[in-house]
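Structure assessment
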Amino acid sequence: MPVHRPAPTLLTGLLVLLFAALAPVPAHADASGPAVPARGSAYMGMGVLAHDGRSGTPKTDLATQAEGVDVASYQGDVSWSTLLGSGVRWAYSKASEGTYYTNPYFAQQYNGSYDVGMIRGAYHFATPDTAGGAAQADYFVDHGGGWSKDGRTLPGVLDIEWNPYGASCYGKSKSGMVTWITDFLNRYKARTGRAAVIYTATSWWTDCTGNYSGFGSTNPLWIARYASEVGTLPAGWSTHTMWQYTSTGPTVGDHDKFNGAVDRVVALANG
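As a starting point, this report considers the structure included with it. (Residues numbered from 1 in each chain as written. Predicted model: local features only at pLDDT ≥ 70, side-chain atom pairs only at ≥ 80, totals over all residues. Heavy atoms only, no water.)

**What to know about the overall build of the protein chain**
From N to C terminus, the protein chain includes 8 helices and 11 strands. Across the protein chain, the fraction of contacts at a sequence separation of at least 24, relative to all contacts at a separation of at least 6, is 68%. Surface accessibility of the protein chain: about 12400 Å² in total, with carbon and sulfur atoms responsible for 56%. (Helix = DSSP H or I, 4+ residues; strand = E, 2+ residues; numbered from the N terminus. Contact = heavy atoms within 4.5 Å. Areas by Shrake-Rupley, 256 points an atom, 1.4 Å probe, with all protein chains shown as cover.)

**So, the side chain of glutamine 75**
Examined against the element boundaries, glutamine 75 turns out to sit in the loop between strand 2 (67-71) and helix 3 (80-85). With sequence-adjacent residues up to four places away left out, glutamine 75 is seen in contact with Asp70, Val252, Gly253 and Asp254.

**Remarks on the packing of aromatic side chains**
Per the stated rule, a full pass over the model turns up 15 aromatic pairs. Centre to centre, the rings of phenylalanine 140 and tyrosine 188 are 5.7 Å apart; their planes meet at 25°, and the pair counts as stacked. One end of the pair, phenylalanine 140, is in helix 5 (residues 133-145); the other, tyrosine 188, is in helix 6 (residues 174-192), and 48 residues separate them in sequence. For the residue pair phenylalanine 140 and tyrosine 188, the accessibility class agrees, reading buried in each case. (Phe/Tyr/Trp six-rings, centres within 6.5 Å; stacked < 30°, edge-to-face > 60°. Buried < 20%, exposed > 50% of the residue type's maximum accessible area, 1.4 Å probe, protein only.)

**Some words on the pairing of strand 11 (residues 255-258)**
The two faces of strand 11 match: His255 and Lys257 on one face and Asp256 and Phe258 on the other face are all buried. The sheet contact formed by strand 2 and strand 11 spans 3 bridges and is antiparallel. Across the sheet, residue glycine 68 finds its bridge partner in strand 11, namely aspartate 256. Direction of pairing for strand 10 (residues 242-246) relative to strand 11: antiparallel, over a ladder of 4 bridges. Bridge pairing links glutamine 244 to aspartate 256 in strand 11. (Pairing = 2+ DSSP bridges.)

Below, the structure written as structure tokens:
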């Protein structure tokens, strides 16, 4: 015998709409667009492929350019002995992001590279839309980004690049971005005595700072470009110190060249 169900009432329909509206948005997704990464998951060079692409790798005869790597939490525990055996001599590990995240693998990565004989350093992924530059510099120094003159510890790096969580320039004007970067750099130097390295890409720097030229005489440049040549540098720098040239290198993807042999890496460590 067929079961007769009552027709939906207006109240029923309203309840359905209410429950749909209250349903949680999936984690790390934008309700009006594609998924975005979770806060804290950003890493050095995250936006390079999407914005600048890839056009080759450096020539293989750059013997005077010491090989390095940069790592973050998504790479987990790193096989430092394997990397050392392949010729890697220096490494940077992500320490922090904003004022809300520290890398849970930082100790293994930062100390592990040091323990096998590499020269190591730490970097901070900047999120200028979440806190001021000075506050983020303090957070970085307090969570692994300090410096000591032991010949094996490199100055900290400000990783300032495309925003993986929203607008590429973090909602800041060009002058506002320059002010934010200045505040970070000034506080970092006041806390450590060292000028922080700036990691960026020329295209981002041009778009988001107006190609500001004021840091070239004080802060070493780590340029991001996945190509056979470094290419055009941001204004103010006549040369680069480091070059992230690929995200698909051996053992860990992100590989770098130092603009000089290992003795120059040691010189930067010593200040």
